[in-house]
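Residue strings, one per chain:
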Amino acid sequence: MNSIILQLAAKYLRWLFIIFAVLALIRGHNDPGGGFIGGLLAGLAIVYRGLAYDTFQVKERMQNIPEWFIAGGLFTILLSFAPSLILGNTIMTGVWLKIPLPLIGELKLGSPFLFDIGVFFTVIGVTVMFVFSLTQKR
Amino acid sequence: MQYILIIFLIASFGIFFLPNGLKKQKALILSAVQLAAFTYFAIRIPEVTSAETKFLMVEWIPALGLNIEFVLDGLSMVFALLITGIGALIFLYAKAYMKSYPGTDKFFMYLMLFSAAMLGLVLSANLVLMFIFWELTSFLSYFLISFFHEKESARKAAFQSLYITGFGGLAMLAGILLLGSIVGSYSIYDWMDGAETIRQSSLYLPGLLLILVGVFSKSAQFPFHFWLPGAMQAPAPVSSYLHSATMVKAGIFLLARLSPVLGGTNEWIYIISLIGVLTMLIGSYFAITQTDLKGILAYTTINALGVLVLLLGIDTKESIKAAMLFLFIHAFYKATLFMVAGLIEKKTGTRELSKLGGLIKYMPFTFIIALLALLSMAGLPPLLGFLGKELIYEAKVQSPGIASLVLVLGVTSNVFMVAVSLFFARKVFLGKSATYEKKPNEKGMAFLIGPGILALLSLVLGLFPGDLGTAVIKPALSVVSDEVVDVKLKIWHGFNQVFFLSLFTIVAGVTLFWAMLKRKKLLEIWRKINSVVFSVELDEVFAWVMDKFVKISQLKTKAVQHGYHRYYILTIIVFTSLLLWFQVFVIRSWEFGISFTLKPFYISGLAVIILAAALTSSFSRSRIVTIISMGVAGYGISLIFMYYSAIDLAITQILVETLTVVMFMVILQKLPRFAVLSSKRTRLRDFFIALSFGAVMTILALKAVNVNLSPTISDYFVENSYSKAFGENVVNVILVDFRALDTLGEVTVLTIAATGVFLLLKTKTKKL
């Protein structure tokens with residue numbers, strides 16, 4: 001399969017996918033979406049590109065990207081436990097920071113959001129690792 | 001006190017980091033550390049005598065009743081002095097002995113770690129903590145026995161001792177937990193306070209028996225005694241230190257520690273003294289027919305351990321006094337003899353009795369040292385051993401219940417001991433000189449300092465035993481028994497029953513020795529009788545059992561871990577569906593909460609499409625069709641989610657479905673052509689299994705509607721999602737906040753799966 005239309009589409013749609021993925025992650029707390037869905041979307045973006053070019057061969061230095069994503073994601077999850085521990089609460093208690101912003105209103109940042117970001121990256125890493133492992137030549 | 005353990009730990013690992021110049025002297029440095037610790041303990045003797053116990057407690061895992069508790073009382077003092085004192089001499093000796101072997105850094109590390117673990121064992125006042133040190137000594141003993149690991153016999157012996165002492169240790173842990181559950185604590189002090197309760201509990205006997213298995217396996221009591229002769233594969237310093245002076249005494253220590261708690265009952269007295277008396281007899285009986293120097297010493301050690309166990313089992317003031325004294329006596333003479341045996345092996349190249357003789361010409365000092373130790377072992381005056389034997393006879397005479405049996409067997413075994421000691425001295429040092437490859441010598445002061453000091457102690461303390469009794473043994477006694485007894489040791493007790501028993505023992509022993517020497521046939525006949533009567537060797541039985549155990553494990557593994565993925569899945573599914581069917585039949589309720597209200601036609605149509613897709617995928621003969629129809633079913637399900645306004649679920653389902661189809665497509669190119677490989681029967685079988693599993697899952701899903709967990713947790717989530725977790729999307733709030741732990745688990749599982757896929761596909765396949 002070597003379709004120029006698909007390749008061209010992939011070139012631009014890929015970024016659309018990723019933008020949507022990030023959107024899904026951010027709005028996740030109040031509207032449909034979230035880290036898991038966002039992660040799957042972003043993972044699909046990478047898979048899409050690979051499908052279009054009929055190759056999943058990546059440059060040597062990109063080989064370990066999935067591992068880094070997984071490790072980074074899990075580490076972020078760990079990091080999201082820190083605030084509750086520092087405040088002396090039970091682990092995984094949500095800690096929220098309210099930042100008043102002009103125009104938009106109030107921005108709420110919480111440790112569950114950090115947790116969600118961790119899930120986001122882990123899912124990306126896992127998806128990409130599945131596809132990479134399945135497709136690359138040994 | 002606890003700092004000594006830390007110093008020992010640092011010292012044992014520190015030898016790796018010594019500069020090269022100092023490295024040669026590492027044994028000396030460790031010996032100095034041991035000596036310093038010995039001095040420390042010795043200085044504190046007066047404090048212990050005044051019955052003031054030094055105590056340290058750090059909470060470790062308080063929820064499990066596991067605290068780091070150390071105590072330095074009379075009993076710990078006795079053992080701590082032995083461990084550090086003999087340790088200092090052993091390291092000195094090992095410096096000379098280990099000179100020609102490679103890997104001595106490791107050796108000294110193990111040995112030092114061992115003495116730290118042993119010290120920890122005797123100092124801990126919490127029984128679980130003590131168990132941990134107990135197992136550590138077993139492990140380190142394993143490493144030390146297998147130090148010459150090129151030899152198969154050494155590896156085998158090391159394993160044997162590890163299995164037996166490790167198994168015993170586990171039994172002991174079970175016993176400790178059982179008895180600990182009665183008083184709700186593992187601290188020895190709480191046990192002492194609740195001693196009455198423990199003794200009257202119905203758990204007392206099982207707990208006692210389990211602990212005794214641990215004690216008997218560690219202290220080489222019948223029927224576990226056979227590992228000790230095997231352990232003689234270890235280098236001489238190890239045999240001397242672990243397998244005669246310290247580690248095998250751990251069981252004795254525990255008996256003495258627990259005697260105020262568990263002792264005094266009929267079970268205690270009869271079980272322990274019977275096993276002790278048996279072991280004592282077996283040890284001395286088999287010592288006579290041994291041909292290997294270290295073999296003789298191993299069996300005499302078994303004899304001594306039997307004596308100690310017996311004395312603690314008799315459980316009278318007298319017997320415990322005798323036990324405490326004998327602990328020192330035995331450590332002094334046996335450590336000496338092991339070191340001498342190692343020296344002889346080093347200098348002559350053999351340990352066989354038949355190849356030795358006339359060594360007095362070449363090694364006069366060694367002879368004097370060995371003679372003193374042997375006389376102490378035989379229990380002849382004026383050595384310390386004589387004092388011990390007198391006390392032991394006295395204890396046996398006064399033992400309650402089984403005095404006559406104990407006394408007869410005790411005298412018999414002592415007769416053997418006298419004969420063995422004399423025979424040892426005669427065969428090795430006197431008589432015609434055997435032919436040696438090179439002339440033996442006794443160069444190397446380090447070889448002689450250790451045994452020399454110990455042998456001298458046997459003599460000097462035998463002549464002037466006063467301080468040993470009042471300063472060291474009396475405080476130890478006060479820990480073991482409630483009454484305070486005066487310990488006055490003296491050689492001459494007057495003409496009494498004990499004196500005549502001693503006299504008889506010596507005369508009979510010398511006669512036996514004479515017979516063994518003059519009538520050469522006697523020993524041969526003796527050996528022949530043994531080989532007929534005791535044709536079943538316990539260590540062979542043990543090896544057989546272990547062998548069969550491994551074989552059965554292999555069979556089981558082959559049956560269960562066959563390596564066929566399809567059968568693993570088959571097993572899981574069949575088992576799960578059987579369990580579920582069983583539960584369904586137990587409940588026998590066929591009510592389902594289905595309301596047959598008419599759904600819009602598109603939903604019914606969707607259901608038909610999903611069903612059709614599922615059927616197509618199972619019966620299709622083309623892979624692409626199968627995959628696509630599975631995708632159709634998946635998308636259909638996500639539409640149903642959508643209909644019930646579970647948006648998040650629907651989105652996730654669509655994404656996962658897409659990804660799955662894509663991945664299948666990618667793999668598809670790499671697969672061989674579709675072929676029907678399984679027979680009709682297999683397919684029929686799989687069909688029924690799949691059908692039964694699907695049916696039971698359907699029933700489960702339908703039943704789940706009926707199950708009403710009250711109060712419904714989802715209401716809580718809906719109510720508190722915004723007010724407490726500031727999120728309007730309840731699904732997401734559940735995922736990242738309310739049930740974040742679940743999500744963490746799921747993400748971890750995903751990671752593990754990805755790692756598995758990665759490893760499966762990325763590693764080059766190797767033919768096994």
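Every value quoted in this text rests on a predicted model; they were computed, and no experiment measured them.

What follows is about the overall build of chain B. Helix and strand content of chain B: 33 helices and two strands. Against the globule reference of 27 Å for 768 residues, chain B gives a C-alpha radius of gyration of 36 Å, more extended than a compact globule. A burial count over chain B gives 42% of its 768 residues as buried. Within chain B, residue pairs in contact and separated by at least 24 positions form 77% of the contacts whose partners lie at least 6 positions apart.

With that out of the way, let us pick up the overall build of chain A. Check the secondary structure of chain A and you find four helices and two strands. By residue count, 40% of the 138 residues in chain A fall in the buried class. Nonlocal contacts in chain A, meaning residues at least 24 apart in sequence, comprise 67% of its contacts between residues at least 6 apart.

Glancing now at the environment of Pro-223 of chain B. Residues and elements named next belong to chain B. Looking at where Pro-223 falls in the secondary structure, it is placed in the loop between α11 (204-218) and α12 (227-230). What makes Pro-223 partly exposed here is the crowd of 14 C-beta atoms within 10 Å. Put simply, Pro-223 and Leu-278 are 55 residues apart on the chain and 9.3 Å apart in space, counted from C-alpha to C-alpha.

Assigned domains within chain B: domain 1 (266-518), domain 2 (564-591 + 686-707), domain 3 (598-675) and domain 4 (711-768). The centre of domain 1 of chain B, based on its C-alpha atoms, is set 71 Å off from the matching centre of domain 2 of chain B.

The subject of this paragraph is the nonpolar core. If you look at soluble globular proteins, the nonpolar side chains tend to sit buried side by side. Residue and element names in this part refer to chain B. Judged by nonpolar contacts, the single largest core of 195 residues is most densely connected at Leu-144, Leu-308, Leu-311, Leu-312, Phe-326 and Ala-476. Ranked by residue count, the leading element in this core is helix α17 (residues 317-348), at 20 residues. Excluding residues that lie within four positions of it along the chain, Leu-311 makes contacts with Ser-319, Ile-320, Ala-322, Ala-323, Phe-326, Ile-392 and Ala-395.

Moving on to the confidence of the model for chain B. Residue and element names in this part refer to chain B. Across chain B, the average pLDDT comes to 83, with 93% of residues at or above 70. At the low end of the mean pLDDT range in chain B sits helix α31 (residues 713-725), at 71; at the high end sits α11, at 92. Listed scores for the predicted complex are pTM 0.72 and ipTM 0.85.

Let's shift gears to the interface of chain A and chain B. The partner chain B presents 35 residues to the 37 residues of chain A that form the contact. Taken together, the elements giving at least two residues each to the side of chain A that touches chain B come down to α2 (35-52), α3 (65-86), β2 (105-110) and α4 (111-135) of chain A. With 14 residues, α4 of chain A is the single largest residue contributor to the side of chain A that touches chain B. Along the lines of polarity and charge, the residues of the side of chain A that touches chain B split into 22 nonpolar, eleven polar and four charged.

Another point: the environment of Phe-133 of chain B. Residues and elements named next belong to chain B. As for its placement among the helices and strands, Phe-133 is situated in helix α7 (residues 127-145). As for Phe-133 and Phe-114, which are separated by 19 residues in sequence, their C-alpha atoms are 9.3 Å apart. Those residues in contact with Phe-133 that lie beyond four places of it in its chain are Ala-117, Gly-120, Leu-121 and Ser-124.

Once that is clear, we can look at helix α32 (residues 730-738) of chain B. Counting buried positions along α32 of chain B gives eight out of nine residues, so the element sits mostly inside the fold. By the burial criterion, the buried members of α32 of chain B are Val-731, Asn-732, Val-733, Ile-734, Leu-735, Val-736, Asp-737 and Phe-738 of chain B.

Detailed reading of the predicted model is not advised wherever pLDDT is low. This prediction gives chain A a mean pLDDT of 80; 82% of its residues lie at or above 70. Per-element confidence in chain A ranges from a low mean pLDDT of 68 for β2 of chain A to a high of 87 for α3 of chain A.

Let us look at the packing of α2 of chain A against helix α29 (residues 647-668) of chain B. Relative orientation and spacing of two packed helices are given, respectively, by the angle between their axes and the distance between those axes. Remark: α2 of chain A packs on α29 of chain B, axes separated minimally by 10 Å, with the N-to-C direction vectors making an angle of 25°. One way to sum up the angle between α2 of chain A and α29 of chain B is to call them roughly parallel. Both α2 of chain A and α29 of chain B take part in a crossing whose hand is left-handed. Note on element contacts: α29 of chain B touches α2 of chain A through Asp-648, Ile-651, Thr-652, Leu-655, Val-656, Thr-658, Leu-659 and Val-662 of chain B, opposite Phe-36, Ile-37, Leu-40, Leu-41, Leu-44, Val-47 and Leu-51 of chain A.

To continue, consider the packing of helix α18 (residues 364-378) of chain B against helix α21 (residues 445-463) of chain B. Residues and elements named next belong to chain B. Viewed as axis vectors pointing N to C, α18 and α21 meet at an angle of 40°, and their least axial separation amounts to 9 Å. By the angle between their axes, α18 is oblique relative to α21. Crossing hand, α18 versus α21: left-handed. Facing Phe-365, Ile-369, Leu-372, Ala-373 and Ser-376 of α18, the residues of α21 in contact are Leu-448, Pro-451, Gly-452, Ala-455, Ser-458 and Leu-459. Across the contact of α18 with α21, the residue classes break down as eight nonpolar, three polar and no charged.

What follows concerns unusual backbone geometry. Among all residues save glycine, negative phi is the norm, and among peptide bonds the norm is trans. A cis amide bond links Phe-222 of chain B with the next residue in sequence, Pro-223 of chain B, at an omega value of 0°. Positioned with a positive phi, Asp-315 of chain B is a non-glycine residue whose angle comes to about 60°.

Conventions adopted
- Residues numbered from 1 in each chain as written.
- Chains lettered and ligands numbered in written order.
- Predicted model: local features only at pLDDT ≥ 70, side-chain atom pairs only at ≥ 80, totals over all residues.
- Helix = DSSP H or I, 4+ residues; strand = E, 2+ residues; numbered from the N terminus.
- Rg over C-alpha atoms; globule rule 2.2 N^0.38 Å.
- Buried ≥ 20, exposed ≤ 12 C-beta atoms within 10 Å, placed from the backbone.
- Contact = placed C-beta atoms within 7 Å.
- Domains from an automatic or database assignment.
- Core = buried A, V, L, I, M, F, W, Y, C linked by C-beta atoms within 7 Å.
- pLDDT = per-residue confidence, 0-100.
- Nonpolar A, V, L, I, M, F, W, Y, C, P; charged D, E, K, R; others polar.
- Axes fitted to C-alpha atoms, helices over the stretch in contact; angles between N-to-C directions.
- Parallel < 35°, antiparallel > 145°, perpendicular 65-115°, else oblique.
- Left-handed = near helix turned anticlockwise from the far one by under 90°.

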